[in-house]
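What follows is the residue order along each chain.
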Amino acid sequence: MFAFIISRLLQALPVMLTVALLSFAMFAYVGDPVAIMLGQDYTIAQRDQLIADLGLNQPFFVQFAKFVVNAAQGEFGLSYRLSRPVAQLIVERAPATLELALCAAILALAIGVPMGVYTGLYRNSWLSRFFLTFSLIGVSLPTFLIGILLILTFSVWLGWLPSFGRGDTVNLGWWSTGLLTWSGIKALILPSITLGLFQLTLIMRLVRAEMMEVLRTDYIKFARARGLTNRAVHFGHALKNTLVPVITITGLQLGAIIAFAIVTETVFQWPGMGLLFIQSVSVADIPVMSAYLLLIALMFVTINLIVDLLYYAVDPRLRIGRGKGAH
Amino acid sequence: MTAPLLEVRNLRVEFPTRRGTLVALDDVSFSIAHGEVLGVVGESGAGKSMTGAAIIGLLEPPGRIAGGQILLNGRRIDNLPYSELRKLRGREIGAIFQDPLTTLNPLYTVGQQLIETMVTHLPLNPAQARAKAIEWLELVGIPAASQRIDSYPHEFSGGMRQRVVIALALCAEPKLIVADEPTTALDVSIQAQVISLLKSLARDKGTSMMLVTHDMGVIAETADRVAVMYAGRIVEVGAVRNVVQQAAHPYSAGLMGSIPPVGRRLERLQQIDGSMPRLSAIPPGCPYNPRCPHAFDRCFVERPELMPAKDNLAACWLYAEQGVPRHA
Ligand SMILES: Nc1ncnc2c1ncn2[C@@H]1O[C@H](COP(=O)(O)OP(=O)(O)OP(=O)(O)O)[C@@H](O)[C@H]1O
Ligand code: SF4
Ligand SMILES: [Mg+2]
């Protein structure tokens, strides 16, 4: 088990290094940090001094190694735009994005899985058809349009929910949460729906397809032939067997939710990492952009590891197989 | 005469399709007495599995019982609501499927599967059920049962898994077992062991059995009576000796090999020229008429019902006069 985690971490290393190389290349070759930092008036001497200070005259590999070492310690330098440490900016923004992503993911799972089970079991009921039609909308409408439609309905027309921002937040140490105030929770609703809707419909369709597949298997027929209740057959035997693919896709989608929070955060002016990234892109604030890129890569890698561990927990065949392999 | 345990009367199973209704089982009637083993044989597609599925109420939709009755201990079970029928499954009628590799849920230990079956049907608490589960595993010959109970299906060999399936089918003590080719998927070397286990368990518990198989050796050793199926109908039924050694219906005779070699037991069904008609193309009259060497005029216009034939019942016009073959 421990060896398995270590080996997965080692496999993740090249991925992270590749992404680091990309963000470093962006750092080094896109835009001109020296020009940005010096402003309009400077002497050649000042310029050379800054280049030496930033280490930009050193060989590529030395610079890259420095970048990696710094990045591993969370050092990404100063934001060009805000002249504050990038790490600090990201730490400030991360809770907003993570809370939003988590709410969206929980929403997608808590509604998507039951809807998938229902439509898989009762393929021809009118409710299933309604769900399927609804899921087509979720899949085909672009996120920003869903966000705007929700704002139009619930903020502009009905005036029930706020259309932008996080509402009031409470600080728990460095973590600022919107989950503890009424206005914070109200502010979370529309962005979570917007961000989670695509994932919800995806999970629903996946669970439905897997359910239909599993219900055809011999072990389900045998479970029925043993006289087990429908509940035990459907929610015990069948649903458990659909879990492996559902975990994979959900894990990947969680990464996608965090990565694609950019659009939702922009629509709702949500003060998270995605909004920070978009604002940084418009002024070529390279340190922030490269830090964000690395962070997203790190999240994908972490989520993949968690997914693998969940497989392990769900499927005994993997456990035994791996156990034998280790000897 | 006591009432039979299972009685199937004029059972008809239909599959509505876009191109009309297919009749998968037509006018199937037979009975199984308490403690009796009925062997069911016939070519692939004859309707053997369909009959078993209809009895346990698990026909695959859109297949449905369109006529006839199924009675268990004199009580009609073909028209029970799903929830009532569910209580019979496992408890009154157990089922054994063909392929032990796919019959067990891979994500549950064999113990969990046994315990959940028993707790569903019997008044046992989990601890008692676990103790019984170990007993059952011992009974079906799983070595070190008290440890193996926590193993997953993939940790067992095919033969061992089928033993587990047998334990699962029997653990709620049903009075009837529907065993659909229980050894076909197993290694030849262990088929005999599994069959003799099944046979001895059924005998000890007084369980009746409908045993579908292609293996005439198994039929001869295990069954009390045999039903021969063809194109969704029973064409002959009788005591095992009579059907194996002096089949009356030309199809059964073809299956058994018309002249069994003296002193050699017949192991496998014989090949018969031609093939069974598809459900959508069953000829009028006797469905066997395209392949039958004895077919005559009547066979092409009128469908034969089961009638006394030699010492059995056969659906064949050759026996229209008091069970005497027409050109014997
Ligand atoms: N879903 C279905 N729709 C239409 N016809 C079907 C369907 N399922 C089975 N059948 C037909 O029902 C008939 C009986 O099939 P069944 O499985 O009972 O045969 P069998 O005697 O068990 O054969 P085997 O020895 O191959 O197991 C076959 O002709 C088959 O083609
Ligand atoms: S009824 Fe006629 S065709 Fe059918 S089996 Fe008998 S002899 Fe052959
Ligand atoms: Mg079959």
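Cut-offs used in this document
Residues numbered from 1 in each chain as written. Chains lettered and ligands numbered in written order. Predicted model: local features only at pLDDT ≥ 70, side-chain atom pairs only at ≥ 80, totals over all residues. Heavy atoms only, no water. UniProt positions renumbered as here; feature names shortened; annotations may be inferred. Helix = DSSP H or I, 4+ residues; strand = E, 2+ residues; numbered from the N terminus. Rg over C-alpha atoms; globule rule 2.2 N^0.38 Å. Contact = heavy atoms within 4.5 Å. Areas by Shrake-Rupley, 256 points an atom, 1.4 Å probe, with all protein chains shown as cover. Lys, Arg positive; Asp, Glu negative; His and termini not counted. Charge placed at Lys NZ, Arg CZ, Asp CG, Glu CD. Pairing = 2+ DSSP bridges. Core = buried A, V, L, I, M, F, W, Y, C linked by side-chain atoms within 4.5 Å. Buried < 20%, exposed > 50% of the residue type's maximum accessible area, 1.4 Å probe, protein only. Axes fitted to C-alpha atoms, helices over the stretch in contact; angles between N-to-C directions. Parallel < 35°, antiparallel > 145°, perpendicular 65-115°, else oblique. Left-handed = near helix turned anticlockwise from the far one by under 90°. Nonpolar A, V, L, I, M, F, W, Y, C, P; charged D, E, K, R; others polar. Salt bridge = Lys/Arg side-chain N within 4 Å of Asp/Glu carboxyl O. Polar contact = N/O pair within 3.5 Å; in protein donor to acceptor, adjacent residues only side chain to side chain. Near = heavy atom within 4 Å. Phe/Tyr/Trp six-rings, centres within 6.5 Å; stacked < 30°, edge-to-face > 60°.

Per an unreviewed UniProt entry, chain B goes by ABC transporter ATP-binding protein and derives from Falsiroseomonas frigidaquae. According to UniProt, the comment filed for chain B under the heading Sequence similarities (unreviewed entry) is "Belongs to the ABC transporter superfamily." Per UniProt, chain B has the following entry under Subcellular location (unreviewed entry): "Cell inner membrane".

As recorded in an unreviewed UniProt entry, chain A goes by the name ABC transporter permease, listed as coming from Falsiroseomonas frigidaquae. One UniProt comment on chain A, placed under Sequence similarities (unreviewed entry), says "Belongs to the binding-protein-dependent transport system permease family." Per UniProt, chain A has the following entry under Subcellular location (unreviewed entry): "Cell membrane".

K.L.:
Just checking my understanding: could you explain the overall build of chain B for this structure?
P.N.:
When helices and strands are tallied, chain B shows 11 helices and 12 strands. The C-alpha radius of gyration of chain B comes to 21 Å, within 12% of the 20 Å expected for a compact globule of 328 residues. With the C-alpha coordinates of chain B rotated into their principal frame, the extents come out at 65 × 50 × 45 Å. In chain B, the share of contacts with a sequence separation of at least 24, taken over all contacts with a separation of at least 6, comes to 63%. Accessible surface computed for chain B: about 14,500 Å², of which carbon and sulfur atoms make up 52%. Computed over 33 positive and 32 negative side-chain charges, the separation of the two mean positions in chain B equals 2 Å.

K.L.:
Quick question: what am I supposed to make of the pairing of strand β2 (residues 20-32) of chain B here?
P.N.:
Side-chain direction in a regular strand flips from residue to residue, so the side chains alternate between the two faces of the sheet. Residues and elements named next belong to chain B. Both strand β1 (residues 6-17) and β2 contribute to a ladder of nine bridges, which runs antiparallel. Its bridge partner being in β2, F15 is matched across the sheet by L22. Between β1 and β2, which follow one another and run antiparallel, lie two residues.

K.L.:
What exactly am I supposed to notice about the UniProt feature "transmembrane region" (unreviewed entry) in chain A here?
P.N.:
Residue and element names in this part refer to chain A. Taken from the UniProt record, the annotation "transmembrane region" (unreviewed entry) applies to residues 12-30, 98-118, 130-160, 180-203, 243-263 and 291-314. Between the end C-alpha atoms of residues 98-118 the distance is 30 Å, and the span holds 100% helix and 0% strand. End-to-end, the C-alpha atoms of residues 243-263 are 29 Å apart, and along that stretch the chain is 100% helix and 0% strand.

K.L.:
Looking at this structure, how should I read the nonpolar core?
P.N.:
The nonpolar side chains of a soluble globular protein tend to be buried, and buried together. Judged by nonpolar contacts, the single largest core of 109 residues is most densely connected at L6, F30, I55 and I166 of chain B. Sort the elements by how many residues they give to this core and helix α7 (residues 158-170) of chain B lands first, with seven residues. Core analysis: the second largest hydrophobic core is formed by 43 residues, Y80, A259, I262 and L276 of chain A among them.

K.L.:
Help me understand the packing of helix α4 (residues 110-121) of chain B against α7 of chain B, please; the structure alone is not making it clear to me.
P.N.:
What describes two packed helices is the angle between their axes and the distance between those same axes. Residues and elements named next belong to chain B. Where α4 contacts α7, the two axes come as close as 9 Å, and the packing angle between them is 15°. Classified by the angle their axes make, α4 and α7 are roughly parallel. The interaxial crossing formed by α4 with α7 has right-handed handedness. Contact residues: V110, Q113, L114 and T117 in α4; V164, A167 and L168 in α7.

K.L.:
I tried to follow the packing of helix α7 (residues 143-157) of chain A against helix α8 (residues 182-215) of chain A on my own but got confused; where do I start?
P.N.:
Residue and element names in this part refer to chain A. Between α7 and α8, the shortest axis-to-axis distance is 9 Å and the interhelical angle comes to 150°. Classified by the angle between their axes, α7 and α8 sit roughly antiparallel to one another. Judged by the twist between their axes, the crossing of α7 over α8 is right-handed. On the side of α7, the interface is formed by T143, I146, G147, L150, I151, F154 and S155, while α8 contributes L190, I193, T194 and L197. When its residues are assigned to classes, the contact of α7 with α8 shows seven nonpolar, four polar and no charged.

K.L.:
Even after reading the chapter, I still don't get the UniProt feature "domain: ABC transmembrane type-1" (unreviewed entry) in chain A, so can you show me in this structure?
P.N.:
In this numbering, the UniProt entry assigns the feature "domain: ABC transmembrane type-1" (unreviewed entry) to residues 94-311 of chain A. Regarding residues 94-311 of chain A, the helix share stands at 80% and the strand share at 3%, and the terminal C-alpha atoms are separated by 28 Å.

K.L.:
Even after reading the chapter, I still don't get the interface of chain B and chain A, so can you show me in this structure?
P.N.:
Size of an interface, as often reported, equals the accessible area lost when the parts are brought together. On the chain A side, the residues contacting the 27 residues of chain B number 21 residues. Counting across the chain B and chain A interface gives two salt bridges. In this structure, the salt-bridge partner of E116 of chain B is R226 of chain A, at a minimum N-O distance of 3.3 Å. At the junction of chain B with chain A, the criterion picks out 15 residue pairs in polar contact (both at pLDDT 80 or more). Every element with two or more residues in the side of chain B that touches chain A is listed here: α2 (82-88), β6 (93-96), α3 (100-103), α4 and α7 of chain B. Ranked by residue count, the leading element in the side of chain B that touches chain A is α4 of chain B, at five residues.

K.L.:
Sorry if this is basic, but what is going on with the site of ligand 1 here?
P.N.:
Residue and element names in this part refer to chain B. Residues in close proximity to ligand 1 total 13 residues, the closest being S44, G45, K48, S49 and M50. Take G47: an N or O atom from its main chain is 3.0 Å from an oxygen atom of ligand 1. Measuring from an oxygen atom of ligand 1, one finds a side-chain N or O atom of S49 at 2.6 Å. For ligand 1, whose unbound accessible area comes to 640 Å², protein coverage reaches 65%. The element that contributes the greatest number of residues to the shell around ligand 1 is helix α1 (residues 48-55), accounting for three residues. Of the residues belonging to the shell around ligand 1, the class tally is five nonpolar, five polar and three charged.

K.L.:
Where do I start with the packing of aromatic side chains in this structure?
P.N.:
The relation between two aromatic rings is expressed through the spacing of the ring centres and the mutual angle of the planes. What the rule picks out here adds up to 12 aromatic pairs over all chains. Taken together, a centroid distance of 5.4 Å and an interplanar angle of 50° make the contact between F24 of chain A and F67 of chain A tilted. On the criterion of sequence distance, the pair formed by F24 of chain A in helix α1 (residues 2-29) and F67 of chain A in helix α4 (residues 60-72) is long-range, its members being 43 residues apart. Exposure remark for F24 of chain A: the relative accessible area of 5% places this residue in the buried category. Pairing Y230 of chain B with Y251 of chain B gives two aromatic rings, centres 4.5 Å apart and planes at 55°, and the pair type is tilted. One end of the pair, Y230 of chain B, is in strand β9 (residues 225-230); the other, Y251 of chain B, is in helix α11 (residues 250-256), with 21 residues separating them in the sequence.

K.L.:
Help me understand the pairing of β9 of chain B in this model?
P.N.:
All names here are of chain B. The buried fraction of β9 amounts to five of the six residues, a majority that puts the element mostly inside the structure. Bridge count for strand β3 (residues 37-41) against β9 is four bridges, and the pairing is parallel. Bridge pairing links G39 to V226 in β9. Counted along the chain from β9 to the antiparallel partner strand β10 (residues 233-239), the turn is two residues long, and its residue A231 has a positive phi close to 50°.

K.L.:
Explain the UniProt feature "domain: ABC transporter" (unreviewed entry) in chain B to me, please; I cannot follow it from the model alone.
P.N.:
Sites flagged by UniProt as "domain: ABC transporter" (unreviewed entry) map to residues 6-256 of chain B. Between the first and last C-alpha atoms of residues 6-256 of chain B the distance is 27 Å; the span itself is 40% helix and 27% strand.

K.L.:
Can you walk me through the sheet that holds β3 of chain B in this structure?
P.N.:
Residue and element names in this part refer to chain B. Pairing is mixed in the open sheet, where eight strands are placed in the order β6-β7-β8-β3-β9-β10-β12-β11. With partners counted over all chains shown, the strands left at the sheet margins are β6 and β11 (307-309), one partner each. Within this sheet the neighbouring strands show an average axis-to-axis angle of 20°, counted without direction. Where β10 meets strand β12 (residues 312-314), two bridges bridge the pair, whose relative direction is antiparallel. When the bridges of β12 are listed, E236 appears paired with A314.

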